[in-house]
Amino acid sequence: EAGVTQFPSHSVIEKGQTVTLRCDPISGHDNLYWYRRVMGKEIKFLLHFVKESKQDESGMPNNRFLAERTGGTYSTLKVQPAELEDSGVYFCASSLQDGPVAFFGQGTRLTVV
Amino acid sequence: DQQVKQNSPSLSVQEGRISILNCDYTNSMFDYFLWYKKYPAEGPTFLISISSIKDKNEDGRFTVFLNKSAKHLSLHIVPSQPGDSAVYFCAAPKSGGGADGLTFGKGTHLIIQP
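Residues numbered from 1 in each chain as written. Chains lettered and ligands numbered in written order. Predicted model: local features only at pLDDT ≥ 70, side-chain atom pairs only at ≥ 80, totals over all residues. Heavy atoms only, no water.

**Topic: the interface of chain A and chain B**
Across the contact, 22 residues belong to chain A and 21 residues belong to chain B. Carbon and sulfur atoms supply 62% of the area buried between chain A and chain B, which totals about 1600 Å² over both sides. If you sort the residues of chain A by the area they bury against chain B, A:Glu42, A:Ile43 and A:Pro100 come out on top, with a joint share of 33%. Taken together, the links from chain A to chain B amount to one salt bridge. B:Lys94 is the salt-bridge partner of A:Asp56, the closest N and O atoms lying 2.5 Å from each other. Our count for the contact surface shared by chain A and chain B stands at five residue pairs in polar contact (both at pLDDT 80 or more). Those elements giving two or more residues to the side of chain A that touches chain B turn out to be β4 (31–37), β5 (43–50) and β9 (88–95) of chain A. If one sorts the elements of the side of chain A that touches chain B by residue count, β4(A) sits on top with four residues. Its residues placed into classes, the side of chain A that touches chain B shows nine nonpolar, eight polar and five charged. (Contact = heavy atoms within 4.5 Å. Buried area = accessible area lost by both parts, 1.4 Å probe. Salt bridge = Lys/Arg side-chain N within 4 Å of Asp/Glu carboxyl O. Polar contact = N/O pair within 3.5 Å; in protein donor to acceptor, adjacent residues only side chain to side chain. Helix = DSSP H or I, 4+ residues; strand = E, 2+ residues; numbered from the N terminus. Nonpolar A, V, L, I, M, F, W, Y, C, P; charged D, E, K, R; others polar.)

**Considerations on the packing of aromatic side chains**
The tally for this structure, following the rule as stated, stands at 14 aromatic pairs over all chains. With 5.4 Å between their ring centres and 80° between their planes, A:Phe104 and B:Tyr36 make a pair best called edge-to-face. Taken as a pair, A:Phe104 in strand β10 (residues 103–104) and B:Tyr36 in strand β4 (residues 32–38) lie in two separate chains rather than in one. Residue class for A:Phe104 comes out buried when judged on its relative accessible area of 10%. For B:Tyr36, a relative accessible area of 0% corresponds to the buried category. Taken together, the ring pairs connect A:Tyr33, A:Tyr35, A:Phe45, A:Phe91, A:Phe104, B:Tyr36, B:Phe46, B:Phe89 and B:Phe104 into an aromatic cluster. Geometry around A:Tyr74 places A:Arg22 over its ring, the cationic atom sitting 3.8 Å from the centre. (Phe/Tyr/Trp six-rings, centres within 6.5 Å; stacked < 30°, edge-to-face > 60°. Buried < 20%, exposed > 50% of the residue type's maximum accessible area, 1.4 Å probe, protein only. Lys NZ or Arg CZ within 6 Å of the ring centre and 35° of its normal.)

**Considering the sheet that holds strand β3 (residues 19–25) of chain B**
A sheet is described by the order of its strands in space; here five strands give the open sequence β1-β3-β8-β7-β6 (chain B), paired in antiparallel fashion. The sheet is open, and its two edges are formed by β1 (4–5) and β6 (56–59) of chain B, each paired on a single side. (Pairing = 2+ DSSP bridges.)

**Section: the side chain of B:Ser19**
Residue and element names in this part refer to chain B. With respect to the helices and strands, Ser19 occurs in strand β3. A relative accessible area of 0% places Ser19 in the buried class. At 2.6 Å, the side chain of Ser19 and the side chain of Ser80 are in polar contact. Among all residues touching Ser19, those that are not within four sequence positions of it are Val13, Leu75, His76, Ile77, Ser80, Leu110 and Ile112.

**Comments concerning the nonpolar core**
Note on soluble globular proteins: their nonpolar side chains tend to be buried together. Formed by 23 residues in total, the largest nonpolar core has its most connected members in B:Phe33, B:Trp35, B:Leu73, B:Leu75 and B:Tyr88. Listed by contribution, the elements that provide at least two residues to this core are β3, β4, β5 (45–51), β7 (62–67), β8 (72–77), β9 (86–93) and β11 (108–113) of chain B. A total of four residues in this core trace back to one element, the largest contributor, which is β9(B). Among the nonpolar cores identified, the runner-up in size contains 21 residues, and A:Cys23, A:Ile26, A:Leu46 and A:Leu47 belong to it. (Core = buried A, V, L, I, M, F, W, Y, C linked by side-chain atoms within 4.5 Å.)

Set out below in structure tokens:
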């Protein structure tokens with residue numbers, strides 16, 4: 001069974017540009033999450049989808065971040081325009097309907113220069 | 001306001017000995033806890049969990065202990081092996097159990113010395 005996959009693995013963009021990160025969850029997992037880890041700090045929750053609906057987006061930093069999960073399958077996280085402080089590793093995770101155990105992807109390392 | 005705290009950024013243990021990683025929490029609503037292990041350039045991997053109705057959960061070399069009155073949990077690894085060298089994160093679902101997003105600690109970097 002394929003795990004959670006994220007694309008790209010690395011992205012380097014200039015301040016002011018737009019970047020879109022993609023996450024493919026484990027098949028059949030209704031819950032999809034986005035997290036971010038800024039260098040050396042804790043992994044911080046960004047938002048939670050249940051199927052195609054946003055269940056909780058309390059962790060989204062500001063309106064430069066837009067997450068979508070059309071059709072309840074894969075998800076995208078767009079940052080527009082990117083700022084220097086957006087640099088970090090963005091993780092996607094998915095879980096079954098009721099379970100708290102989430103399975104993580106390998107992350108996308110975003111560097112804004 | 002950190003609700004999950006791992007106060008030891010790093011821990012060095014000799015191979016074969018016991019590794020004990022600690023985690024404290026402040027939110028009384030938390031009733032389920034997870035430990036994740038993370039290697040460099042990889043995502044966190046689920047290791048073991050415990051529900052608040054238990055005080056111990058064991059899986060092979062890994063045991064998690066929960067002390068609800070002290071709001072403290074610990075992960076014991078016995079015996080420690082070189083492959084255990086990684087960063088360990090303690091986490092809890094934001095609003096208690098269920099499928100809520102997780103609140104993580106900052107992690108403890110465990111180094112197993114040969």
